[in-house]
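Topology and contacts: notes
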Amino acid sequence: MLKNIKHLTCLGLLLVAFSCKKPYYPVLAANESNYLVVEGFIDSGNDSTFIKLSHTVKLTDSVGISAERNAGVTVEGNGKTYQLNEIRAGVYSALPLNLDGSQKYRLRIKLTSGKEYLSDEGEVKVTPPVDTITYQTKNDGLHINVSAHDPTSKTQYYRWDYDETWKFHSRYISNYKVVNGDILPRQVEDQIFTCFANHASSTVLLASTAKLGSAVVSEAPITNIIPSSEKISMRYSILIKQYALNKEAFDFWENLRKNTESLGSIFDALPSEIKGNIHNTANANEPVIGFISVGTMTSKRIFINKEELPNEWILQYPYDCRQDSTLYKNPITQANDVASFIISGIYLPTYVITGPKGGPAIGYGRSSPQCTDCTLRGVKRRPDFWRD
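Everything in this summary refers to the structure shown in the same document. (Residues numbered from 1 in each chain as written. Predicted model: local features only at pLDDT ≥ 70, side-chain atom pairs only at ≥ 80, totals over all residues. Heavy atoms only, no water.)

1. With respect to helix 1 (residues 247–261)
Put simply, the test is: Each helix is a run of H or I in the DSSP string that is no shorter than four residues. Each strand is a run of E no shorter than two, and both are numbered from the N terminus. Expected span, for any helix, means 1.5 Å times one less than how many residues it has. Relative accessibility under 20% of the residue-type maximum defines a buried residue, over 50% an exposed one, and the middle range a partly exposed one, all with a 1.4 Å probe and only protein chains included. In what follows, a contact means two residues having at least one pair of non-hydrogen atoms within 4.5 Å. Definition of a polar contact: a pair of N or O atoms within 3.5 Å, with one able to donate and the other able to accept a hydrogen when the atoms are protein atoms, and with sequence-neighbouring residues admitted only if both atoms are side-chain atoms.
For helix 1, built from 15 residues, the straight-helix expectation of 21 Å at 1.5 Å per residue is met to within 8% by its first-to-last C-alpha distance of 21 Å. Every buried residue of helix 1 is listed here: Ala-249, Phe-250, Phe-252, Trp-253, Glu-254, Leu-256, Arg-257, Asn-259, Thr-260 and Glu-261. As for helix 1, its buried residues are in contact with strand 12 (157–169), strand 16 (205–208) and strand 18 (235–245). Of the residues flanking the start of helix 1, the one acting as N-cap is Asn-246, its side-chain oxygen 3.3 Å from the backbone nitrogen of Glu-248.

2. Section: the packing of aromatic side chains
Each aromatic ring pair is summarised here by two numbers: the centre-to-centre distance and the angle between the ring planes. Cut-off, in case you're wondering: Between 30 and 60 degrees the pair is tilted, below 30 it is stacked and above 60 it is edge-to-face, where a pair is any two Phe, Tyr or Trp rings, Trp via its six-membered ring, whose centres lie within 6.5 Å. Think of it as a cone above the ring: NZ of Lys or CZ of Arg counts as a charge over the ring if it is within 6 Å of the ring centre and within 35 degrees of the ring normal.
Inspection of the entire model under this criterion finds 12 aromatic pairs. Here the aromatic rings of Tyr-158 and Trp-160 are separated by 6.0 Å at their centres, their planes lie at 10°, and the arrangement is stacked. Ring centres of Phe-341 and Tyr-347 lie 6.2 Å apart, and the angle between their planes is 55°; on these two criteria the pair is classed as tilted. Assessed through its relative accessible area of 28%, Phe-341 is described here as partly exposed. Members of the aromatic cluster, joined through ring pairs, are Phe-196, Phe-303, Phe-385 and Trp-386. If you follow Arg-159 out to its NZ or CZ, it ends over the ring of Trp-253, 4.3 Å from the centre. Across the ring face of Tyr-347, the terminal group of Arg-366 is positioned such that the distance to the ring centre comes to 4.3 Å.

3. Observations regarding the sheet that holds strand 25 (residues 358–367)
Note the threshold: Whether two strands pair comes down to DSSP finding at least two bridges between them. Here an angle of 0 to 180 degrees is reported between the N-to-C directions of two axes, which are lines fitted to C-alpha atoms, with helices fitted over the stretch in contact.
Here 3 strands make up an open sheet; going across it, the order is 23-25-24 and the pairing antiparallel. The open sheet is flanked by strand 23 (324–327) and strand 24 (348–355), the only strands paired with a single partner. Going across the sheet, the axis of each strand differs from the next one's by a mean of 40°, ignoring polarity. As judged from the 6 bridges shared by strand 24 and strand 25, these two strands associate in the antiparallel manner. Paired with Leu-348 across the bridge in strand 25 is Ser-367.

4. Describing the sheet that holds strand 10 (residues 130–138)
With antiparallel pairing, 3 strands are arranged side by side in an open sheet as 10-11-17. Every interior strand has two partners, whereas the edge strands, strand 10 and strand 17 (216–225), have only one. The sheet shows a mean angle of 25° between the axes of neighbouring strands, direction not considered. Across 7 bridges, strand 11 (residues 141–149) lies against strand 17 in antiparallel orientation. By the bridge assignment, Leu-142 is partnered in strand 17 with Ile-225.

5. Points about the pattern of salt bridges
Going by this rule: Every case where a carboxyl oxygen of Asp or Glu lies within 4 Å of a side-chain nitrogen of Lys or Arg is listed as a salt bridge.
Under the definition given, this model contains 16 salt bridges. Lys-241 is paired through a salt bridge with Asp-161; the nearest N and O atoms lie 3.9 Å apart. Within this pair, whereas Lys-241 is found in strand 18, its partner Asp-161 is found in strand 12, the two being separated by 80 residues in sequence. A cluster of three or more residues bridged by salt bridges with shared partners is formed by Glu-76, Arg-106, Arg-108 and Glu-116.

6. Topic: the nonpolar core
General note: in soluble globular proteins, nonpolar side chains tend to be found buried as a group. Note the threshold: Joining through side-chain atoms within 4.5 Å is the link that ties buried Ala, Val, Leu, Ile, Met, Phe, Trp, Tyr and Cys residues into a set, and such a set is a nonpolar core.
In this structure, Leu-142, Ile-144, Trp-160, Ile-222, Tyr-236, Ile-238 and Ile-240 are the most contacted members of the largest nonpolar core, which totals 28 residues. Every element with two or more residues in this core is listed here: strand 10, strand 11, strand 12, strand 15 (194–200), strand 16, strand 17, strand 18 and strand 22 (297–305). Among the elements that line this core, the one with the most residues is strand 12, at 5 residues. When neighbours within four sequence positions are excluded, Ile-240 is seen to be in contact with Val-130, Ile-133, Ile-144, Val-146, Trp-160, Asp-161, Tyr-162, Ile-222, Thr-298, Ser-299 and Lys-300. In this structure, Val-38, Val-73, Val-288 and Val-294 belong to the second largest nonpolar core, which totals 24 residues.

7. A few points about the environment of Leu-205
Assignment of secondary structure puts Leu-205 in strand 16. Residues Leu-205 and Asp-161 lie 44 residues apart in sequence; the distance between their C-alpha atoms is 6.7 Å.

8. What about the state of the cysteines?
Test applied: To count as a disulfide, a pair of cysteine sulfur atoms needs to be within 2.5 Å.
Considering all chains together, one arrives at 2 disulfides under this definition. The disulfide bridge from Cys-195 ends at Cys-374, spanning 2.0 Å between sulfur atoms. Around the S-S axis, the bridge from Cys-195 to Cys-374 shows a dihedral of about 60° and counts as right-handed. Residue Cys-195 is found in strand 15, and its partner Cys-374 is found in the segment after helix 3 (369–372); the two are separated by 179 residues along the sequence.

9. Describing the pairing of strand 8 (residues 116–119)
Of the pairings in the sheet, the one linking strand 7 (residues 104–110) to strand 8 comprises 3 bridges and is antiparallel in character. Directly across from Lys-110, in strand 8, lies its bridge partner Glu-116. Taking the residues that link successive antiparallel strands as the turn, the strand 7-strand 8 hairpin has 5 residues, and the phi of Gly-114 there is positive, at about 100°. Sheet topology places strand 8 next to strand 19 (residues 278–280); 3 bridges connect them, and they run antiparallel. Its bridge partner lying in strand 19, Ser-119 is registered against Ile-278.

Spelled out as structure tokens, the structure:
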């Protein structure tokens, strides 16, 4: 979520105005490259809580996100303390907390350096259900929108993120495989033609009804997919997660959106000016990037089949793919091209070539691994939630 997004997401309603700006890279002091970044929220309901801890790095640094390992992370409130455990580098989790909705809660973080941080106490915000996820097909692709409303009129500020999953296939089918120098037919369990891939959103998606005459969010834009995308080449699914915010949380996310998504200008807020609700207990002036909210999350998932989309939308395969013939005995060089190009692993065998009257193989079709092996950018295991 805190990546330097290069494309501005426009949301109607009161959402976001699109503007193109010339990038501006401010000169930051050396100590401004190591701010603590806190991502996540305290889930008060029956879903797990996830908190991610990392540190900012300089724009000129080649090192990626610096995860904060081995920290002590707890949720406090109502006279109780709930421990979060590190499940992978810099990511801390707790099973459903089922907190008392009438109480306030906060996050405490203790780093191995000895620094300690606290979030402001927050009231539990109950998030209304996602009403609908709709989509439209336009000339520039598939537009996915979300609608919501709060029948109690207590929610005026919303945030969303989403997880995309799609089923796709490689450009060519590899019907054969190399095993210990031999070329054998692939069995069903060996297929590498059909896979699943996924992507988690990294944009800040917000909406407010505070200045509207209605408490309804109607078809707020979530994401667009170009017509030639592999995501919609077979079957696509999106899970949209919705969070109710208070005014302070909304202002933080809106400020962060402007800072990370509008490509930067001398008028944009610097990281030190993104005021969250997390503080160093010994140094209130130390910048900390993040805002911890407390509440419930609601979600909805939809599936979209290729058959539901315009017929003229043609997949543009992400690689330049060709399929050629490879013979055991090259008629010109007399070389064993099967050994040189297929058994060596440079190419994968796709189909068998026999003589004019059949008989044993005299060669195989071939193509590159990128064009025949879907596992290079996906997994064969079908997700538990998937349904065809």
